[in-house]
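Overview (structure and organization)
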Amino acid sequence: MLSVIMSGLNVAQKDLNVAANNVANANTVGFKRSVATFQDVFSNDPSANPKTAIGSGAITSMISRNTSQGAMTSTDKVTDLAIAGRGYFTLASTDPETGARNVVYTRAGNFTVNVKGEIVDSSDNQLQVFPVDENGKVNTSAAVVGAVIQSEKNAGT
């Protein structure tokens, strides 16, 4: 009996943790809320009649992210981007200790331009895009490259 009560307390605590995370990140750009789902736990006694089996508690079966489209708001910055529908922005993150480049995915589209002309997020991860050929067409068969805005100031770098 005590194990059933403890399992109920555990799933209630997990549900509170998920709800608290949703509230704490409600104003975070690109944040997608999570939903906890639970399931009953039944005894593994093979001789028990499934119609009269008594539950042994509950467990957290899954915490899933709600990736449905959120509200888009207009800003005055040309580097603020949004994705309509499914998908993520792909960013390149450089490890300061090893110099290794890692791929980072986000729905947050509040980008800026750094001193090198690279389009970056608040953590200085560079936006990755498909290159454009000389005819102005996007080459989706090529590898992605870092997004750079060329200007007279950074054209030589």
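Structure's up top.
In what follows, the accompanying structure is described. (Residues numbered from 1 in each chain as written. Predicted model: local features only at pLDDT ≥ 70, side-chain atom pairs only at ≥ 80, totals over all residues. Heavy atoms only, no water.)

It is worth spelling out the overall build of the protein at this point. Across its full length, the protein holds one helix and eight strands. Secondary structure elements of the protein occur, N-terminal to C-terminal, as α-β-β-β-β-β-β-β-β. A burial count over the protein gives 20% of its 157 residues as buried. Of the contacts made within the protein by residues no fewer than 6 positions apart, 42% connect residues no fewer than 24 positions apart. Split by element, the accessible area of the protein, about 11500 Å² in all, is 55% carbon and sulfur. (Helix = DSSP H or I, 4+ residues; strand = E, 2+ residues; numbered from the N terminus. Buried < 20%, exposed > 50% of the residue type's maximum accessible area, 1.4 Å probe, protein only. Contact = heavy atoms within 4.5 Å. Areas by Shrake-Rupley, 256 points an atom, 1.4 Å probe, with all protein chains shown as cover.)

Counting across every chain of the model gives one aromatic pair. Between Phe 89 and Phe 111, the aromatic rings sit 5.2 Å apart at their centres with planes inclined by 90°, giving edge-to-face as the arrangement. Highlighted residues: Phe 89 in strand 3 (residues 89-94) and Phe 111 in the loop between strand 4 (101-106) and strand 5 (112-113), separated in sequence by 22 residues. Comparing Phe 89 with Phe 111 shows no difference in burial state: the two are buried. (Phe/Tyr/Trp six-rings, centres within 6.5 Å; stacked < 30°, edge-to-face > 60°.)

The subject of this paragraph is a nonpolar patch on the surface. A surface patch of nonpolar side chains, amounting to about 410 Å² of accessible area, comprises Leu 2, Ile 5, Met 6 and Leu 9. With respect to the element layout, Met 6 can be found in helix 1 (residues 2-24). On the basis of relative accessible area, Met 6 is assigned to the partly exposed category, the value being 41%. (Patch = residues over 30% accessible without salt bridge, like charges linked within 9 Å, V, L, I, M, F, W, Y side chains within 5 Å. Salt bridge = Lys/Arg side-chain N within 4 Å of Asp/Glu carboxyl O.)

Taken as a whole, the largest pocket encloses approximately 670 Å³ of empty space. Together, 24 residues line the largest pocket, and Val 29, Gly 30, Ala 71, Met 72 and Arg 107 are the ones closest to its centre. A class-by-class count of the residues in the lining of the largest pocket yields eight nonpolar, 12 polar and four charged. (1 Å grid on protein atoms, 1.4 Å probe; cavity = no way out; pocket = protein on both sides within 12 Å on 5 of 7 lines; lining within 4 Å. Points joined across faces, edges and corners; volume = space filled by probe spheres on them. Nonpolar A, V, L, I, M, F, W, Y, C, P; charged D, E, K, R; others polar.)

Before going further, it helps to examine the pairing of strand 4. As judged from the six bridges shared by strand 3 and strand 4, these two strands associate in the antiparallel manner. Note that in strand 4 the partner of Ser 93 across the bridge is Asn 102. Linking strand 3 back to strand 4 in an antiparallel pair, the connection comprises six residues, with Gly 99 at a positive phi of about 80°. (Pairing = 2+ DSSP bridges.)

Attention now goes to the side chain of Ser 7. If you trace the backbone, Ser 7 turns up in helix 1. The contacts of Ser 7, once residues within four sequence positions are left out, are Ser 56, Gly 57 and Ala 58.

A few words on the nonpolar core. The biggest cluster of nonpolar side chains holds seven residues, and these are Ile 83, Phe 89, Leu 91, Phe 111, Ile 119, Leu 127 and Ala 147. Discounting residues that sit within four places of it in the chain, Ile 83 has contacts with Gln 69, Met 72, Tyr 88, Phe 89 and Arg 107. (Core = buried A, V, L, I, M, F, W, Y, C linked by side-chain atoms within 4.5 Å.)

What follows is about the environment of Gln 39. Counting through the fold element by element, Gln 39 comes out in strand 1 (residues 34-42). The residues touching Gln 39, leaving out its near neighbours within four places in the chain, are Gly 57, Ala 58, Ile 59 and Ser 61.

Our next topic: the pairing of strand 3. Direction of pairing for strand 3 relative to strand 7 (residues 126-129): antiparallel, over a ladder of two bridges. Bridge pairing in strand 7 links Leu 91 to Leu 127.

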